[in-house]
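# Report on the structure
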Amino acid sequence: MDTCTAIVGINWGDEGKGRMVDLLTEDFDIVCRYQGGGNAGHTIVNQYGEFMLHLLPSGVFRPNVMNILGNGMALDPEHLTREIETLRGKGVDISPDNVMISERASLLMPWHRRLDALEEARLKDKKLDTTRKGIAPFYSDKYAKKTILAGELFYPDVLRQHLHDLLEWKNLILTGVYGDEAETEEEINNWVKTYCEPLVPYIRNTGSYLADALWNHKRILFEGQLGALRDLDYGIYPFTTSSNVLAAYAPIGSGLPRARVGRIIGVVKAYSSCVGAGPFVCELFGDEAEHLRQIGREYGHLPHRVGPIDLVATRYGVRVQNATEIALTKLDVLSELDEIPLCTRYRLNGVEIDEMPFPSILSRCEPVFETMPGWKCDITGVRNWWDLPEAAQNYVKRIEDSVGCIIKWISVGPERHSIIRRG
Ligand code: GDP
């Protein structure tokens, strides 16, 4: 059967997808990234150390796994080069034998990062709190058909002319719209030489590689970035990312449009966290929030906003991702709490609702909180469902019943084997 698997986020991102991919890659031959770029990272803790992967698929730590950076990604050559160097420095093998870049992936250029920062500065207090990695300007250009494809690196004369034409246009925007400095052709050509040319051996027709792999019954895993609530079409627009993070997009963004994604592992965090601006109905504030932030280590380029699990948003995320099973992560973080809060419904204009409303009215919703008894003991060593305290089991079952999808995995620590397999 032409069936593939996807591991995707159900919430706002940072659910712990990387640790699930790292755990499960031993069952796969190929891991593909299909969207996004340097804007969000997957944290992985294994025998090599602790890593933050932004662009490389999380299968790079396993021997005999091919890792593909698909056509749907925002391929930032500078960032990718640094990532490869960091991994090599820690003894991880990275070569064209285990990493491939789609010839149809578009290159994220230095001007994309500059434009991201300039636009955030222009927006002042209305800024979107982007990561300033150039993602929105990049995808805008891709859809405007004004990006360089990685495969153009094979044809230097075509590339040189294309760069010249794009630079002429970009400089009109940098100088005319934002009053900033122009970029020179020499700077861009040097950048291409330093960061793009060394990547040429990795660039392949990944579509035909994947088609052959599928034909030969290779096991293919699609690795999603961020979460359903950040999806460009189905998330909390405009507080979304600029790409489609849903499992449904994975075959297209990987280079295998005919693939069927039969198994979709939706990763849900045992509480909520959200980075950046936008409505976050279940948000906690003050000491309660600070405590959760500290025990969950919820810090990144900004301190993360935190709250209890949001069952309305999670149910929606499970539905749009079409998750066939759930991996619930960071349950251990809640072990200290006397009572576990849950956001079970929203209140809108005095009426309680349990369906995700239209994004523009989300900021008018208030959370309806309930609590369940905590378990107040360390569960990081538990590996068996029946050894989990009853209160923890009840919490897991409550989430499962509420979102209508089986929780097959419960993660109780960041390390590869801190996991309970259920059923
Ligand atoms: P991703 O983008 O979805 O891969 O998520 P992140 O890389 O942001 O992961 C969230 C953080 O939680 C990382 O620091 C992980 O190491 C950590 N983590 C993942 N699963 C667990 C867990 O079950 N318990 C604890 N305590 N930490 C976890």
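Residues numbered from 1 in each chain as written. Predicted model: local features only at pLDDT ≥ 70, side-chain atom pairs only at ≥ 80, totals over all residues. Heavy atoms only, no water.

## Some points on the site of the ligand
- Around the ligand sit 16 residues in total, of which Lys17, Gly18, Thr43, Asp332 and Ser411 are the nearest.
- At 2.7 Å from an oxygen atom of the ligand is found a main-chain nitrogen or oxygen belonging to Gly18.
- Here a nitrogen atom of the ligand and a side-chain polar atom of Asp332 are 2.8 Å apart.
- Here the ligand, which alone exposes 590 Å², has 88% of that area covered by the protein.
- Of all the secondary structure elements, the ones that give two or more residues to the shell around the ligand are helix 1 (17-24) and strand 3 (42-46). (Near = heavy atom within 4 Å. Polar contact = N/O pair within 3.5 Å; in protein donor to acceptor, adjacent residues only side chain to side chain. Areas by Shrake-Rupley, 256 points an atom, 1.4 Å probe, with all protein chains shown as cover. Helix = DSSP H or I, 4+ residues; strand = E, 2+ residues; numbered from the N terminus.)

## Side note on the packing of helix 10 (residues 311-321) against helix 11 (residues 390-403)
- Across the interface, helix 10 lies against helix 11 with an axial gap of 9 Å and an inter-helix angle of 60 degrees. Considering their axes alone, helix 10 and helix 11 lie oblique with respect to each other. In this structure, helix 10 meets helix 11 at a crossing whose hand is right-handed. Of helix 11, the residues touching helix 10 (which contributes Leu311, Thr314, Arg315 and Val318) are Ile399, Ser402 and Val403.
- In terms of residue class, the contact of helix 10 with helix 11 is made up of four nonpolar, two polar and one charged. (Axes fitted to C-alpha atoms, helices over the stretch in contact; angles between N-to-C directions. Parallel < 35°, antiparallel > 145°, perpendicular 65-115°, else oblique. Left-handed = near helix turned anticlockwise from the far one by under 90°. Contact = heavy atoms within 4.5 Å. Nonpolar A, V, L, I, M, F, W, Y, C, P; charged D, E, K, R; others polar.)

## Overview of unusual backbone geometry
- Looking along the chain, the bond that leaves Tyr237 and enters Pro238 is cis, with omega of 5 degrees.
- If you trace the backbone, Pro238 turns up in the loop between strand 10 (220-227) and helix 8 (250-254).
- The backbone phi angle of Lys124 is positive, close to 50 degrees, even though this residue is not glycine.
- Within the secondary structure, Lys124 is located in the loop between helix 3 (110-123) and helix 4 (135-143).

## Let's talk about the domain arrangement of the protein
- Split by domain assignment, the protein resolves into domain 1 (4-105 + 203-265), domain 2 (108-199) and domain 3 (270-311 + 328-421).
- Measuring from the centre of the C-alpha atoms in domain 2 to the corresponding centre in domain 3 gives 39 Å.
- Of the roughly 260 Å² buried where domain 2 meets domain 3, counting both sides, 59% is carbon and sulfur surface.
- Contact with domain 3 buries surface across domain 2, with Leu128, Asp129 and Thr131 losing the most and accounting together for 86% of the total.
- Scanning the region where domain 2 abuts domain 3 turns up zero residue pairs in polar contact (both at pLDDT 80 or more). (Domains from an automatic or database assignment. Buried area = accessible area lost by both parts, 1.4 Å probe.)

## Re the packing of aromatic side chains
- According to the stated counting rule, one finds nine aromatic pairs in the structure shown.
- Above the plane of the ring of Trp385 lies Arg422, whose end atom (NZ or CZ) is 4.1 Å from the centre. (Phe/Tyr/Trp six-rings, centres within 6.5 Å; stacked < 30°, edge-to-face > 60°. Lys NZ or Arg CZ within 6 Å of the ring centre and 35° of its normal.)

## Thoughts on the nonpolar core
- Core analysis: the biggest nonpolar cluster contains 38 residues, and Leu56, Leu69, Leu80, Leu87, Ile94 and Ile101 have the highest contact counts within it.
- Elements represented by at least two residues in this core include exactly strand 4 (49-53), helix 2 (77-89), strand 7 (99-102), helix 3, helix 5 (156-177) and helix 6 (185-196).
- The greatest single-element share of this core, amounting to five residues, is contributed by helix 5.
- Shared between two domains, this core takes at least three residues from each, and those domains are domain 1 (4-105 + 203-265) and domain 2 (108-199).
- In this view, Leu69 contacts Arg33, Leu55, Leu56, Pro57, Leu75, Leu80, Val99, Met100, Ile101 and Ser102; residues no more than four positions away in its chain are not counted.
- In this structure, Ala289, Ala323, Leu331 and Ile420 belong to the second largest nonpolar core, which totals 37 residues. (Core = buried A, V, L, I, M, F, W, Y, C linked by side-chain atoms within 4.5 Å. Buried < 20%, exposed > 50% of the residue type's maximum accessible area, 1.4 Å probe, protein only.)

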